[in-house]
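# Fold and geometry: a report
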Amino acid sequence: MAALDPEVDWWIASDTANPQTAAGRYNLASWLEKVNKPLIARLNLSVGLNMKVESLDVIGLKAIVECSGKAVQRSGRPYNNRYCWILHFHPETGKVVKIREYVDTALIREVLEAADNV
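All of these numbers come straight from a predicted model, not from anything done at the bench. Residue numbers here run from 1 along each chain, matching the order of that chain's written sequence. Side-chain atom pairs in this predicted model are given and counted only at pLDDT of 80 or more, local residue features only at pLDDT of at least 70, and totals for whole chains, interfaces and linings cover all residues. Just so you know, side-chain values use all the structure's heavy atoms and leave hydrogens and water out.

### Quick word on the pairing of strand β6 (residues 96-103)
On a regular strand, each side chain points to the face opposite its neighbour's, so the side chains alternate between the two faces of the sheet. Stated precisely, the cut-off is as follows: Here the rule is simple: two strands pair whenever DSSP picks up at least two bridges between them. Put simply, DSSP H or I for four residues or longer makes a helix, DSSP E for two residues or longer makes a strand, and each gets a number counted from the N terminus.
Across 5 bridges, the pairing between strand β1 (residues 4-12) and β6 is parallel. By the bridge assignment, aspartate 9 is partnered in β6 with lysine 98. Strand direction decides the pairing type here: strand β5 (residues 78-89) and β6, joined by 7 bridges, are antiparallel. Residue pairing for β6: leucine 87 is matched across the bridge by isoleucine 99. Between β5 and β6, which follow one another and run antiparallel, lie 6 residues, and glycine 94 among them has a positive phi close to 75°.

### A short note on the environment of valine 35
Note on placement: valine 35 falls in helix α1 (residues 28-41). Along the chain, valine 35 and isoleucine 12 lie 23 residues apart, while their C-alpha atoms are 10.0 Å from each other.

### Let's talk about the packing of aromatic side chains
Convention followed: Working definition: a ring pair exists when centres of Phe, Tyr or Trp rings (six-membered ring for Trp) sit within 6.5 Å. Plane angles under 30 degrees give stacked, over 60 give edge-to-face, the rest tilted. Each residue is placed in one exposure class: buried if its accessible area under a 1.4 Å probe, protein chains only, is under 20% of its type's maximum, exposed if it is over 50%, and partly exposed if it falls in between. Placement of a positive charge over a ring is assigned whenever Lys NZ or Arg CZ falls within 6 Å of the ring centre and within 35 degrees of the normal to the ring plane.
Taken as a whole and assessed by the stated rule, the structure comprises 3 aromatic pairs. Ring centres 4.3 Å apart and planes at 10° place the aromatic pair tryptophan 10 and tryptophan 31 in the stacked group. A residue pair is termed long-range when its members are at least 10 positions apart, and tryptophan 10 in strand β1 and tryptophan 31 in helix α1 qualify at 21 residues. Like tryptophan 10, the residue tryptophan 31 is buried in the burial classification. With a centroid separation of 5.3 Å and 25° between ring planes, the pair formed by tyrosine 83 and tryptophan 85 is classed as stacked. Each member of the pair tyrosine 83 and tryptophan 85 is classed as buried. The ring of tryptophan 11 carries arginine 100 above its face, with NZ or CZ at 3.8 Å from the centroid.

Take a look at the structure:
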């Protein structure tokens, strides 16, 4: 998280905010509170959260990262998601100032709405 500017413009899947799917725009604090916290609360982290970079391309001050993530929900069901992040870096600080994230929002909705995950 140290690589992110606190005022990062973090866009997930849509310009329209939807707390059921995590879609919308966030800065770091709002992403931690509205996206990360509810999702992490529904995962069994004692089993682990495994993120794997599938590909990484850097073009000037932009990086395109494709990742896969594997975890287990509290219900025991798998949480296997894929991500594509387009990161924009500030030329002076080197911090990430903009993120465009593409993710399986239907899977996020399923995890956030599952009563047996709480």
